[in-house]
Amino acid sequence: MSEDANLTCVKVGQEVVQMVEGPIPEPADGEIIVRTTLTTICGSDLHILDESPLNPAMVPDHMRGLPMGHEAVGVVHRIGAGVRRLAVGQRVISSCFTACGWCTQCLEGQLSACTGGGGLLFGCQSRYYRVPYADISAAPIPDELSDEQVLFATDIMSTGLGAVERGRVGFGDTVAIFGQGPVGLCATAAARARGAGLIIAVEGVPERAAMARRLGASRVVAPGEDTVQTLLQLTDGGGVDVAIEAVGVQVTLDMATRVVRRGGTVSSVGIYGGLAGITLPSGVPSFYHRNVVFTLCPVGHDRLKRLMRLVQHGAFDLMPLITHRMTLAEAPSAYELFRARESGTLKIGLIP
Ligand SMILES: [Zn+2]
Ligand SMILES: [Zn+2]
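Residues numbered from 1 in each chain as written. Chains lettered and ligands numbered in written order. Predicted model: local features only at pLDDT ≥ 70, side-chain atom pairs only at ≥ 80, totals over all residues. Heavy atoms only, no water.

J.: Sorry if this is basic, but what is going on with the coordination of the zinc ion (ligand 1) here?
T.: Ideal values differ by geometry: the angle at a metal is 109.5 degrees with four tetrahedral donors, but 90 or 180 degrees with six octahedral donors. The coordination sphere of the zinc ion (ligand 1) contains the protein donors Cys42 (SG), His70 (NE2), Glu71 (OE) and Asp155 (OD), at a distance range of 1.9 to 2.2 Å. For the zinc ion (ligand 1), the four donor atoms in the first shell make angles of 92 to 128 degrees at the metal, so the coordination geometry reads as tetrahedral. Each donor residue of the zinc ion (ligand 1) lies on the same chain, and together they follow the pattern C-x27-H-E-x83-D. Of the two residues, Cys42 sits in the loop between strand 3 (32–40) and helix 1 (43–50) while Glu71 sits in the loop between strand 4 (66–67) and strand 5 (72–79), which places them 29 residues apart along the sequence. Judged on exposure class, the residue Cys42 and its partner Glu71 are both buried. (Donors = N, O, S within 2.8 Å, 3.2 Å for Na, K, Ca; no water. Tetrahedral: all angles 85-135°; square planar, octahedral: opposite > 155°, others 65-115°. Helix = DSSP H or I, 4+ residues; strand = E, 2+ residues; numbered from the N terminus. Buried < 20%, exposed > 50% of the residue type's maximum accessible area, 1.4 Å probe, protein only.)

This is the structure we're talking about:
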């Protein structure tokens with residue numbers, strides 16, 4: 001294929017992706033076009049691929065499908081009119097949600113809830129991808145940091161840290177984290193960095209349990225019938241200060257609510273895709289005496305800079321999460337591998 005063509009991983013049907021050639025996108029006002037140097041697949045991509053119906057409004061004209069991916073690192077290839085903070089040739093990362101910077105939610109600092117035109121980024125699993133509202137949604141990468149070091153600032157690192165921030169984890173707190181997939185592992189590392197005392201990871205897959213210990217978990221408990229009882233025993237019957245739900249299923253949200261002490265916080269970052277709704281227990285224990293917060297990835301230029309500063313100066317190392325490296329052209333088989341969750345798969349780096 002020619003150097004001046006784009007190559008994109010596209011959803012062409014339920015659970016099916018294909019590599020599709022097309023033109024390199026042109027930047028509209030406020031946009032940048034990024035030449036991708038590293039991208040990856042996210043759990044959200046599987047929700048989009050397997051569960052969401054194809055929305056024709058989101059499909060570019062030349063594609064018969066949905067361009068996939070919202071986590072990538074690259075080099076600014078072209079800039080649109082009005083972009084002031086970024087220049088051609090700069091290494092950049094972009095947040096998984098873009099934000100307009102002007103709507104009520106953006107002005108309140110809730111950039112991932114933007115109602116002024118921002119939203120989930122699509123098409124990062126490409127040789128070239130478009131970032132709208134680039135000044136707000138992308139940030140230059142410090143020279144000292146590698147692509148792999150900063151890749152997770154685009155989404156899972158920010159989400160995992162967000163779970164801990166919104167749970168208001170403090171020094172010496174007891175924290176339970178349900179699920180040690182990529183986001184749950186980021187939450188475990190974040191709870192450790194935030195000064196939690198006892199960090200209990202709930203995870204049954206041996207490789208993920210081992211990674212949880214490596215990133216800061218004090219204990220790992222396999223999920224089962226007696227998980228709630230085990231966690232209550234580990235906290236002398238009182239329950240944890242903060243429980244983080246990072247799976248996105250009803251049963252773990254339920255357990256998270258039951259292991260939190262009165263006055264404690266359930267902090268959920270799971271994506272409950274494919275479910276019509278979720279419920280909270282109202283019996284004993286109930287959610288009434290507990291705080292319950294739900295968070296989608298905190299995003300934006302300033303957030304990205306803070307996350308990269310943490311990697312650069314805070315000894316915050318998530319590179320062990322990259323368990324596989326493949327080429328962008330191999331994205332369809334990478335999806336198979338990622339979906340199967342075998343061979344210790346956590347994150348797959350895709351290199352164009
Ligand atoms: Zn993601
Ligand atoms: Zn906005």
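J.: Just checking my understanding: could you explain the coordination of the zinc ion (ligand 2) for this structure?
T.: For the zinc ion (ligand 2), the protein coordination sphere consists of Cys100 (SG), Cys103 (SG), Cys106 (SG) and Cys114 (SG), at 2.3 to 2.5 Å. Geometry at the zinc ion (ligand 2) is tetrahedral, judged from its four donor atoms and the angles of 102 to 118 degrees they form at the metal. A residue is classified by how much of its surface remains accessible, and Cys103, at 10% relative accessible area, is buried.

J.: Explanation requested: a positive patch on the surface in the structure shown.
T.: Taken together, the side chains of Arg84, Arg85, Lys305 and Arg309 define a basic patch exposed on the protein surface. Along the polypeptide, Arg85 turns up in the loop between strand 5 and strand 6 (91–94). You can call Arg85 partly exposed: its relative accessible area is 49%. (Patch = residues over 30% accessible without salt bridge, like charges linked within 9 Å, V, L, I, M, F, W, Y side chains within 5 Å. Areas by Shrake-Rupley, 256 points an atom, 1.4 Å probe, with all protein chains shown as cover. Salt bridge = Lys/Arg side-chain N within 4 Å of Asp/Glu carboxyl O. Lys, Arg positive; Asp, Glu negative; His and termini not counted. Charge placed at Lys NZ, Arg CZ, Asp CG, Glu CD.)

J.: When you look at the sheet that holds strand 4 in this model, what are you seeing that I'm missing?
T.: In a beta sheet, neighbouring strands pair by backbone hydrogen bonds and run either parallel or antiparallel. What the three strands build is an open sheet, ordered 2-1-4; its pairing is antiparallel. The open sheet is flanked by strand 2 (16–23) and strand 4, the only strands paired with a single partner. Bridging between strand 1 (residues 5–13) and strand 2 involves eight bridges; their strand directions are antiparallel. Note on strand 2: the bridge partner recorded for Thr8 is Val20. (Pairing = 2+ DSSP bridges.)

Just distances and angles here, no functional claims.
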